[in-house]
Amino acid sequence: MSARELAQQLKTRFGDLISEPAEFRGEITLQLSDADCIAEICDFAKKQLGFDFLADVSSVDNYGSDPRFTVVYHLYGYGHHCALRIKTGVGEEVSELPSVTGVWKTADWHEREVYDMMGIRFRNHPDLRRILMWDGYPYFPLRKDFPLAGKPSNVPDVAFTNPAPMEGGPFVTIPGGKDSGAREPRVRMPEAEIKMEHKF
Amino acid sequence: MATTQEIQIGDATAQAAAAAEEANVAVAPPAPAGEEALQDIHGEKMILNMGPSHPATHGVLRIVLELDGEIITKATPDIGYLHRGDEKIAESMTYNQFIPYTDRLDYLAPLANNVAYALAVEKLLGIDRALPPRCQYIRVMCCELARISAHLLGLGSMAMDVGALTVFLYTFTQRETIYNLIESLTGARFTTSYTRVGGVARDLPSGWVAQCRKFLEEVVVNIDESEQLLSRNKIFVDRTRDIGHISREVAIDYGLTGPNLRGSGLEFDLRKAHPYLVYDQLEFEVPTGSVGDCYDRYMVRIEEMRQSVLILRQCLDKIPGGADNAAKEPIDVADGKIVLPTKKKVLTSMEELIHQFILVTEGPNAPPGDVYFGAENPKGELGFYIHSKGGGTPHRLKIRAPSFSNLSILPHLLPGHMLSDTVPIFGSLDFVMGECDR
């Protein structure tokens, strides 16, 4: 059975909640319109369609558009060797959706990472704490409005909380800037990001 | 992340005195029934902080262990000590500029990371099937050299941690030869940055193929010797057999990949299931374990090295253009908008000059879209998820690191084991914090 057929079965079961399967570079992506149903859909995908392996959970910040975040699930089935991607939008004011830790145990750490980096909360997660950053860190670093150099924070017992010195790197490139100053700024600001998107 | 307040181990003598006093008191009244009695016998549980710099954790992994005597009752891994924000950095640079950062993910197999990343970007650009055959063979050889090197290290350090120091010296001698090979191929021993989007940085140097053949002769002997020292060694077997048992279902549930998954008995290898590069033209077997304990994972790695040697031999025989590439087989895709032109052409031809300028300042013009590419790396499935809005930089690059998922099983796996069992368990899970923390 191909990934497209499996995606079609999911679509038949859940109807309008799920978009038509889209294909790009041989990969099937489904867009889920209501993030609150993600656990139910994943449960069905695992139990009925054999997607027993959750390869990855990640998130995208669509800064400046609505809904602001996209949570992306990469499913795989060892029985049929098919992969499926499920994407769902999460608004900034809610920024919460159900956890899939009840379906796959591996989602535990992946969801903690999404929370840590992007600030999206997962309902019914057994232990939603920061995982890579330290406890009590006030920001979500992968958001587009968080500068690459970092922000100062007043966390006790942490040695370095000042912004990183940007002279000499890490090198920042904004493709297509009009001169070298615009093309390789010391800090990349989200405003420049949006300007860049209009260009393409 | 646990706070430091949780791990207070007071003054040892004072604690011992207090415990003795408690014991004296406990003797006097009749032992209370049920659970309280049990607690009295076992005494207070001890919290032990293992890491972040402990030789057996192979990096900066910290684990907060709750011990009942020598038995682990709870384990809480604390990761992130090597977090450098690679995914954030990737959003600020063109696709080719990120290649050096991939060296520093699984820093024991930088070549394999380079290849996996390049293939992910090439999938986004739609040229992953159009790579010239010579380039594909070179990349396969890179992956397999990296696999042998990473497994030799994993094997050596696992053996050393359980007390067999000799094996460590044997395998590290052999790794030196691999590093010499890698140095003559890429110019660097460790941080290779060898691939480019659409090809590789340079062709095989002269004499490299003969050098590699000689190495393969030696490494087979070395693997056999190391195995003879370990596989039927009573101490080694006692410390690894039936320790750290992971069933197939649990392994899948926790997202284990690579040798750790195959050690649990699932015959799955991305090189076989979804062949990339020229893996479908090469013959090799996928070794699997039967029990899923530390010993099985060790055996899977030993056998994988032998299979890698077989793959390398086939590549050396079949590589288009042969050792010296007299026929001038290309090693890059013939697309000036993706691969940098030669310097000579840049200096003499207008079109190539423009291509060079655009590629360096803007990067390859990728289409908008989402791709995920997973490669079978020494540690497991290294996946790159690229969300592109078009242009030369990714809007979001997510690295699916195998060590991250492999480590997430520790809270489930460690409880019930003795404290000393953590050492072979860590050794057999063979993780690298560089890619776990990113």
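As the structure is a computational prediction, the values presented were derived from the model and not from experiment.

Once that is clear, we can look at the overall build of chain A. Helix and strand counts for chain A stand at 5 helices and 7 strands. Ordered by position in the sequence, the α and β elements of chain A form the string α-β-β-α-β-β-β-β-α-β-α-α. Relative to its full complement of 200 residues, chain A shows a buried share of 54%. For chain A, the proportion of contacts with a sequence separation of at least 24, taken over those separated by at least 6, is 44%. Counting only carbon and sulfur atoms, one obtains 51% of the accessible surface of chain A, whose full area is about 9,000 Å².

Counting all residues, the mean pLDDT for chain A is 81, and 76% of those residues have values of 70 or more. Scored below 50 in pLDDT, residues 196–200 of chain A makes 10 contacts in the model with residues more than four places away or belonging to other chains.

All names here are of chain A. Taken in spatial order, the 5 strands line up as β1-β2-β5-β4-β3 in an open sheet, and their pairing is mixed. Every interior strand has two partners, whereas the edge strands, β1 (22–24) and β3 (53–61), have only one. Sheet twist, expressed as the mean angle between neighbouring strand axes with direction ignored, is 25°. When strand β2 (residues 27–32) meets strand β5 (residues 83–90), the two strands line up parallel, connected through 4 bridges. Across the sheet, residue Leu-32 finds its bridge partner in β5, namely Thr-88. Contacting β3 and β4 (69–76), helix α3 (residues 107–118) crosses the sheet at an angle of about 10° to β3.

All names here are of chain A. When the terminal C-alpha atoms of helix α1 (residues 3–14) are compared, their 17 Å separation across 12 residues agrees well with the 16 Å that a helix rising 1.5 Å per residue should span. All buried positions along α1 are accounted for by Ala-3, Leu-6, Ala-7, Leu-10, Lys-11 and Phe-14. For α1, the arc enclosing every buried residue in end-on projection is 145°, short of the 170-degree limit, so these residues lie on one face. The secondary structure elements touched by the buried residues of α1 are β2, α2 (38–47) and β5. With its phi angle positive at about 60°, Gly-15 sits one or two positions after the end of α1.

Listed as interface residues are 58 residues of chain A and, on the opposing side, 58 residues of chain B. Of the roughly 4,900 Å² buried between chain A and chain B, counting both surfaces, carbon and sulfur atoms make up 56%. The largest contributions to the chain A side of the interface with chain B come from A:Tyr78, A:Trp109 and A:Leu132, which together make up 15% of the buried area. Here A:Glu113 makes a salt bridge to B:Arg438, at a shortest N to O gap of 3.0 Å. Run the count over chain A and chain B and you get 21 residue pairs in polar contact (both at pLDDT 80 or more). Among the elements of the structure, β3, β4, β5, α3 and α5 (190–199) of chain A are those that each provide at least two residues to the side of chain A that touches chain B. Per-element tally for the side of chain A that touches chain B: the top contributor is β3(A), with 8 residues.

The subject of this paragraph is the pattern of salt bridges. Any two side chains of opposite charge can pair, on the condition that their charged atoms come close. Residues and elements named next belong to chain B. Using the criterion set out here, one finds 44 salt bridges over all chains in the structure. Residues Asp-103 and Arg-104 are paired through a salt bridge, measuring 3.7 Å at the closest nitrogen-oxygen approach. You can call Arg-104 partly exposed: its relative accessible area is 37%. Where Glu-176 meets Arg-189, a salt bridge forms, and the shortest distance between an N and an O atom there is 2.8 Å.

For any two helices packed against each other, one specifies the inter-axial angle together with the distance between the axes. All names here are of chain B. One can describe the packing of helix α6 (residues 133–161) onto helix α13 (residues 294–318) by two numbers: an axis separation of 9 Å at closest approach and a directional angle of 150°. If you check the angle between α6 and α13, you find them roughly antiparallel. As α6 runs across α13, the sense of the crossing is left-handed. Here the residues of the contact of α6 with α13 sort into 17 nonpolar, 2 polar and 5 charged.

Okay, the sheet that holds strand β6 (residues 366–377) of chain B next. All names here are of chain B. The 3 strands are arranged β6-β7-β8 in an open sheet whose pairing can be described as antiparallel. Every other strand in the sheet has two partners, leaving β6 and β8 (396–400) as the edge strands with one partner each. If you compare each strand with its neighbour and ignore which way they point, the axes differ by 5° on average. Here β6 pairs with strand β7 (residues 380–391) via 11 bridges, running antiparallel. Of the residues in β7, the one forming a bridge with Glu-376 is Glu-381. Contacting β6, β7 and β8, helix α5 (residues 110–125) crosses the sheet at an angle of about 150° to β6.

What counts, and at which threshold
- Residues numbered from 1 in each chain as written.
- Chains lettered and ligands numbered in written order.
- Predicted model: local features only at pLDDT ≥ 70, side-chain atom pairs only at ≥ 80, totals over all residues.
- Heavy atoms only, no water.
- Helix = DSSP H or I, 4+ residues; strand = E, 2+ residues; numbered from the N terminus.
- Buried < 20%, exposed > 50% of the residue type's maximum accessible area, 1.4 Å probe, protein only.
- Contact = heavy atoms within 4.5 Å.
- Areas by Shrake-Rupley, 256 points an atom, 1.4 Å probe, with all protein chains shown as cover.
- pLDDT = per-residue confidence, 0-100.
- Pairing = 2+ DSSP bridges.
- Axes fitted to C-alpha atoms, helices over the stretch in contact; angles between N-to-C directions.
- Expected span 1.5 Å × (residues − 1).
- Arc of directions from axis to C-beta.
- Buried area = accessible area lost by both parts, 1.4 Å probe.
- Salt bridge = Lys/Arg side-chain N within 4 Å of Asp/Glu carboxyl O.
- Polar contact = N/O pair within 3.5 Å; in protein donor to acceptor, adjacent residues only side chain to side chain.
- Parallel < 35°, antiparallel > 145°, perpendicular 65-115°, else oblique.
- Left-handed = near helix turned anticlockwise from the far one by under 90°.
- Nonpolar A, V, L, I, M, F, W, Y, C, P; charged D, E, K, R; others polar.

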